[in-house]
Amino acid sequence: MKKIRYRTKLDLFKNDVRKEEKGVQDHQPKNQSLSNTGELDKQLDKNIEHIKSLFGKSEDVKYREIEVVTSKKHRVFLCFIDGLVNESYINLHIIKSLMEPDYTIGSPQLVKEESSDFLKVIESRIVSSLNVKEVRNWKTTTDSILLGETLLLIDGFETGLLVSTQGFAARNVGEPDTESSVRGPREGFNEVLKVNTSLIRRKINNPNLIFEGMKLGKQTKTNIRIGYIDGIANPKVVDEVKKRLKTIDTDSILESGYIEQFIEDHPYSIFPTVANSEKPDKVAAKLLEGRVAILCDGTPFVLTVPHLFVENLQVGEDYYSRPYLSSFIRLLRLLSLFLTVASPSIYIALTTYHHEMVPALLLTTMAAAQEKVPFPTFIEALLMAIVFEILREAGVRMPRPVGAAISIVGALVIGEAAVQAGFVSAPMVIVIAITGICGFVVSSLSDAIILSRFLLIFLAGALGLYGILMGFLMLLGHLCSLRSFGSPFLSPQAPINWNGWRDSIIRMPLWFQKTRPHSVVWRESKRQGNQNKPTRPDTEGEEMS
Amino acid sequence: MRRYSFVILSIFLLSGCWDRKELKEIGMVGAIAIDKDPDTEEFILTSQILIPAAESSQNPSPGKPFLLETATGKTIFEALRKTNQMIDRRSFFAHNKIIIISEELAKEGLISILDSFYRGKEIRGYVWICIAKETNARNILEAENIGVSRIPANFLNNMLEQTDSHLNSVSTNLLTFYKDALEAGTDPVAGVLVMEKKEKGKYSQNKNVTLSGAAVFKKDKLMGLLNESETRGYRWITGDIKTGALSLPSDIQEGKYVSVDVIKMNAKIVPEVKGEQISFAIHVSEKGKVTEQQATVQFSDSKQQINFLNSLQAENKKIIEDEMNQVIKKAQALKTDIFGLGNALNKRYPNTWNRVKDEWPETFADVPISLQVKVNITSSGLMKGPFKPE
């Protein structure tokens, strides 16, 4: 009885949605047929009418009609979108040039030319802009206007001119918040695509650096650039990236995260198989290793593929500072990764199943701390881990002025006060603190870390160390099964590739890394010569002999 | 999908958590003492259970950090489980440090007592086995505030762990005890805890527990106790010395002593078989240094100093030989081969061993043992000779 009622309700709901969808779809093609099909007309009035019917309702689309008087009168029409264009540029280089034609205009030579093709005259002599192109169909016209170009129509011509007058408010190139460094460039990408490509091109001065263009999103028509270095990147990977991007059929791409979710290899995995970065130096380094970058207009986050697991342990600074400390810190990152995933669960397993593994003195201390706590260790750990995540989220989302309040409350919740009140034991606070701090060390993996941490907490609560072992085996097996654009996610560790070990868990000196990572390019790829090892001038002869 | 998740969930819900024990539910047993009631012939088992709250760093509860609970039973295991009737925590033995057995009980044989511990998985193999001399084993656990550690179990454990910093006692854990007791060619020894009652004021404490001497077993039965000098002899023979002090009478000034610290030593048992005659030679070499010199004389030349060191070496050698002879005499009288001579014979002359192993205790009792001791005193510390105030 209940089941039937449930089904009819569901059907009703479904029908509703379908009706709504139909309404939207009915409206859409009309609009699109107007903008997309057809060519420009010879008569200016018809063109104006067409444009106004397209953009008529929008207040930010501006029109300007002027008369240019040379030997004849010409009606000229301008259309642009307020805010997307540089107004002083239009004033100076289009309107002023048109209205105050220089003295040569009156010359007989010009009169002759003018009578034949006034459009050419405007394009080549009057408009003093860097980029002017002719246009005949409405589709490119509207698209270009929407990108901030100015449409210039002249009565009597079925060809319009598009002048690139883009100029809009953008954030300055600044230091990124997500990836800060002590040594190395401070600049980060911003939201403007051409600034981002220029930042990369300034690092790699090479004609082989290619940025292929593409537009994604039926409604947003977001500009995308696929960056790669011809001759280094594997052409198969480039083709695969293009193929996957082409199959995206969606309304909107508002951030590179949208693209990531449409092109990743394993949508059901908790591990990301597409990397992102805000730093041009990092993206440039990845391009030079043979990866492909996907830049998306409107976001500072640039995607790079293929993405390997070890990249989460690597930081640009590793390469800028000398190898010894870098290698040590990479090992620390690996340790942090282990600690942040496993420390709460190991604590649970030791205190509820394997008391004999803890040294007697430590066990006494731990037992003393637990004595007054009302919850089982498992519940305690679960609560604390959740509270920590809530605090972290609050720290990210809160408005800046209340930051101090959050940190005070946070210190109360996971700190001395909680211990004093007897809600949690002091060792648990330490364990959660270690977990949290270590989580920030490998922040690029944070989503996978948090989920696997909770998985292990549950396994440890039910099965002890055996459960943790099973959990790690599951995670490891899963990691081994992942691929990112043809590269095994765990390479160069699995499948093993000794060359790749030179720059994975430890970083060998730069002069030692003679080839590009095989796990990315999948072919022999020499990066540098053999003579790069620095030698003292006085031992040069000895080295040779 | 729903079916699979049901299967996976039931793995956790049905198979998990069965041996889960929160720290609040267990009572850590630090030490066990075993006596025997002479009237009922039942075992009296005393467990020392730690009270963690008293050790808390934040607000420790006042009072002793441990609890003594005594239960009786016809078997050890029965008594162990009976303890749970009297205490609100389930006994947890993995951190048990020491099992103390009274001298009387040990004479009846230890294997039948220790079986429960050795068979079960709850107690570790390296728990110390000790004999309480001339007192109930429980009394040792009752002694309070006798060491740095507030918990007697930790105090006893640390004391037994540092037998290598002196020569006067031995320490044996459950595993070595079993090994030595079950093997044909050797007999076990065990540490001896002595309860000393001192006159109040003399040493500021009225009770003290000392680790002193060794208990000698024949197989698993206690045969007798070694005094401290006999124990030193035993440890010279087994070569189990890392450091320790020897006091030697000084021959340059009457009534004064010289202290020698053992830096390094080696001992080797060499069996010799000539026809039917089995004999053993024990080679001991010791390296020592002078750490104390009470005499206040001055050497006129370095020759005198060399003479002094030579005589010191001879003195040292004599003491070692005396102590070794003492313990050999005692062991042969008790017919227990605590030195493992039988094992050494087995390794070198397996055929001879197979012939004699059935009556080995009797053979051992009158086997000739010769001693070869080498002493080398290499250093006199930071000072060359003795000082004479002028």
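Predicted model only: the values in this text are computed from it and were never measured.

Moving on, we come to the overall build of chain A. A tally of regular secondary structure across chain A gives 21 helices and twelve strands. Looking at the 545 residues of chain A, the share that counts as buried comes to 33%. Long-range pairs, those at least 24 residues apart, make up 65% of the contacts in chain A with a sequence separation of at least 6.

In this section: the overall build of chain B. Looking only at helices and strands, one finds twelve helices and 14 strands in chain B. Residue burial in chain B is summarised as follows: out of 390 residues, 37% are buried. For chain B, restricting intrachain contacts to residue pairs at least 6 apart in sequence, the fraction spanning at least 24 positions comes to 70%.

Let's shift gears to the sheet that holds strand β11 (residues 245-249) of chain B. Residues and elements named next belong to chain B. Taken together, the four strands give an open sheet; going across it, the order is β11-β12-β13-β14, and neighbouring strands pair in mixed fashion. Of all the strands in the sheet, just β11 and β14 (369-379) have a single pairing partner and so form its edges. Between one strand axis and the next, the sheet turns through 35° on average, direction left out of account. Sheet topology places β11 next to strand β12 (residues 257-274); five bridges connect them, and they run antiparallel. Bridge pairing in β12 places Pro249 opposite Tyr257. Against the sheet, helix α9 (residues 302-334) contacts β11, β12, β13 (277-293) and β14, and its axis sits at roughly 145° relative to β14.

Our next topic: the domain arrangement of chain B. Residue and element names in this part refer to chain B. Under the domain assignment, chain B is made up of domain 1 (19-226) and domain 2 (229-390). Each of domain 1 and domain 2 was reduced to a C-alpha centroid, and the two centroids are 32 Å apart. If you list the elements that add at least two residues to the side of domain 1 that touches domain 2, you get β9 (207-218) and β10 (221-226). In terms of residues, the side of domain 1 that touches domain 2 owes the most to one element, β9, which gives five residues. Taken together, the residues of the side of domain 1 that touches domain 2 sort by class into nine nonpolar, eight polar and four charged.

This paragraph deals with unusual backbone geometry. Of note, the bond from A:Val305 into A:Pro306 is cis; its omega dihedral lies within 30 degrees of zero at -10°. With respect to the element layout, A:Pro306 can be found in the loop between β10 (302-305) and α11 (316-320). In this structure, A:Pro495 follows A:Ala494 across a cis peptide bond, with omega equal to 0°. With respect to the helices and strands, A:Pro495 occurs in the loop between β12 (487-488) and α20 (518-521). Phi at A:Lys221 takes a positive value of approximately 50°, unusual for a residue other than glycine. Classification of A:Lys221 as partly exposed rests on a count of 14 C-beta atoms within 10 Å. Even without a glycine there, the phi angle at B:Glu41 is positive, about 65°. Structurally, the position occupied by B:Glu41 is in the loop between β1 (26-36) and β2 (43-50).

Glancing now at the packing of helix α14 (residues 377-397) of chain A against helix α17 (residues 426-441) of chain A. Residue and element names in this part refer to chain A. The contact between α14 and α17 brings their axes to 10 Å, and the two run at 40°. One element, α14, and the other, α17, form an angle in the oblique class. The interaxial crossing formed by α14 with α17 has right-handed handedness. The residues of α17 that touch α14, namely those facing Glu380, Ala381, Met384, Ala385 and Phe388, are Met428, Ile432 and Gly436.

Residues and elements named next belong to chain A. Looking at chain A as a whole, its pLDDT mean stands at 86, while 89% of the residues score no less than 70. Averaged over each element, pLDDT in chain A is lowest for helix α1 (residues 2-36) (51) and highest for strand β9 (residues 292-296) (96). Below pLDDT 50 for its whole length, residues 21-33 participates in zero contacts with residues either more than four positions away or in separate chains.

Turning our attention to the confidence of the model for chain B. Residue and element names in this part refer to chain B. Mean pLDDT over chain B works out to 87, with 97% of the residues at or above the 70 mark. When the elements of chain B are averaged for pLDDT, helix α1 (residues 2-15) gives the smallest value, 80, and strand β5 (residues 98-102) the largest, 94. Quick note on the complex model: pTM equals 0.84, ipTM equals 0.83.

Here the focus is the interface of chain B and chain A. Listed by partner, the interface residues are 19 residues for chain B and 19 residues for chain A. Grouping the constituent residues of the side of chain B that touches chain A by class yields ten nonpolar, three polar and six charged.

Okay, the pairing of β13(B) next. Residues and elements named next belong to chain B. With 16 bridges joining them, β12 and β13 adopt antiparallel strand pairing. Note that in β13 the partner of Met265 across the bridge is Glu286. Hairpin remark: β12 followed by β13, antiparallel, with two residues in the connecting loop; positive phi at Gly275, about 60°.

Residues and elements named next belong to chain A. Pairing is antiparallel across the open sheet formed by five strands, whose spatial order is β6-β7-β9-β10-β8. Only two strands of the sheet have a single neighbouring strand rather than two, namely β6 (209-216) and β8 (275-277). Neighbour-to-neighbour, the strand axes of the sheet open up by a mean angle of 25°, direction not taken into account. Contacts from helix α10 (residues 280-288) reach β7 (222-229), β8, β9 and β10, with the element oriented near 55° to β7.

Among the nonpolar cores identified, the biggest contains 105 residues, and B:Ile34, B:Ile98, B:Ile100, B:Ile101 and B:Ala215 are the most heavily contacted of them. Setting aside its immediate chain neighbours within four residues, B:Ile98 contacts B:Ala31, B:Val127, B:Trp128, B:Cys130, B:Ala153, B:Leu156, B:Asn157 and B:Leu160. Counting residues in each nonpolar core, the second largest holds 36 residues, with A:Val341, A:Tyr347, A:Phe388 and A:Ile468 among its members.

Take α1(B) next. Along an α-helix, residues three or four apart share an orientation, since each turn contains 3.6 residues. Residues and elements named next belong to chain B. With 14 residues, α1 should cover 20 Å at 1.5 Å per step; its first-to-last C-alpha distance of 20 Å lies within 8% of that length. Counting buried positions along α1 yields zero of 14 residues, so the element is predominantly exposed. At the C-terminal side of α1, Cys17 shows a positive phi close to 70°.

This part takes up helix α19 (residues 465-481) of chain A. Here α19(A) is 17 residues long and its end C-alpha atoms lie 24 Å apart, about the 24 Å a rise of 1.5 Å per residue gives. Lining the buried residues of α19(A) we find α12 (323-352) and α18 (446-463) of chain A.

For the rest of this paragraph, the subject is the environment of A:Phe423. All names here are of chain A. When you line up the elements, Phe423 lands in the loop between α16 (416-421) and α17. By the C-beta count within 10 Å, which is 17 here, Phe423 ends up partly exposed. Residues Phe423 and Gly83, spaced 340 residues apart in sequence, show a C-alpha to C-alpha distance of 56 Å.

Residue and element names in this part refer to chain B. The topology assignment puts Glu228 in helix α8 (residues 228-238). For the pair Glu228 and Leu105, spaced 123 residues apart in the sequence, the C-alpha separation amounts to 22 Å. If near-sequence neighbours (up to four positions away) are discounted, Glu228 is found in contact with Asn168, Ser212 and Gly213.

Residues and elements named next belong to chain B. Closest axis-to-axis distance for the helix α4 (residues 111-119)/helix α7 (residues 174-182) pair is 12 Å, and the angle between their directions is 130°. If you check the angle between α4 and α7, you find them oblique. Remark: the crossing between α4 and α7 carries left-handed chirality. Of the residues in α7, those touching α4 at Ile111, Leu114, Phe117 and Tyr118 are Leu174, Tyr178 and Ala181. Of the residues in the contact of α4 with α7, the class split is seven nonpolar, no polar and no charged.

Turning our eyes to something else, we now look at the domain arrangement of chain A. According to the domain assignment, chain A consists of domain 1 (44-164), domain 2 (193-314) and domain 3 (320-481). Between the C-alpha centres of domain 1 of chain A and domain 3 of chain A there is a distance of 65 Å.

All names here are of chain A. One can find Gly227 in strand β7. When the C-alpha atoms of Gly227 and Leu331 are compared, they prove to be 31 Å apart, with 104 residues separating the residues in sequence. If we skip the residues at most four places from it in the chain, Gly227 touches Ile200, Leu209, Ile210, Phe211, Leu287, Ala293 and Leu295.

Rules used in this analysis
Residues numbered from 1 in each chain as written. Chains lettered and ligands numbered in written order. Predicted model: local features only at pLDDT ≥ 70, side-chain atom pairs only at ≥ 80, totals over all residues. Helix = DSSP H or I, 4+ residues; strand = E, 2+ residues; numbered from the N terminus. Buried ≥ 20, exposed ≤ 12 C-beta atoms within 10 Å, placed from the backbone. Contact = placed C-beta atoms within 7 Å. Pairing = 2+ DSSP bridges. Axes fitted to C-alpha atoms, helices over the stretch in contact; angles between N-to-C directions. Domains from an automatic or database assignment. Nonpolar A, V, L, I, M, F, W, Y, C, P; charged D, E, K, R; others polar. Parallel < 35°, antiparallel > 145°, perpendicular 65-115°, else oblique. Left-handed = near helix turned anticlockwise from the far one by under 90°. pLDDT = per-residue confidence, 0-100. Core = buried A, V, L, I, M, F, W, Y, C linked by C-beta atoms within 7 Å. Expected span 1.5 Å × (residues − 1).

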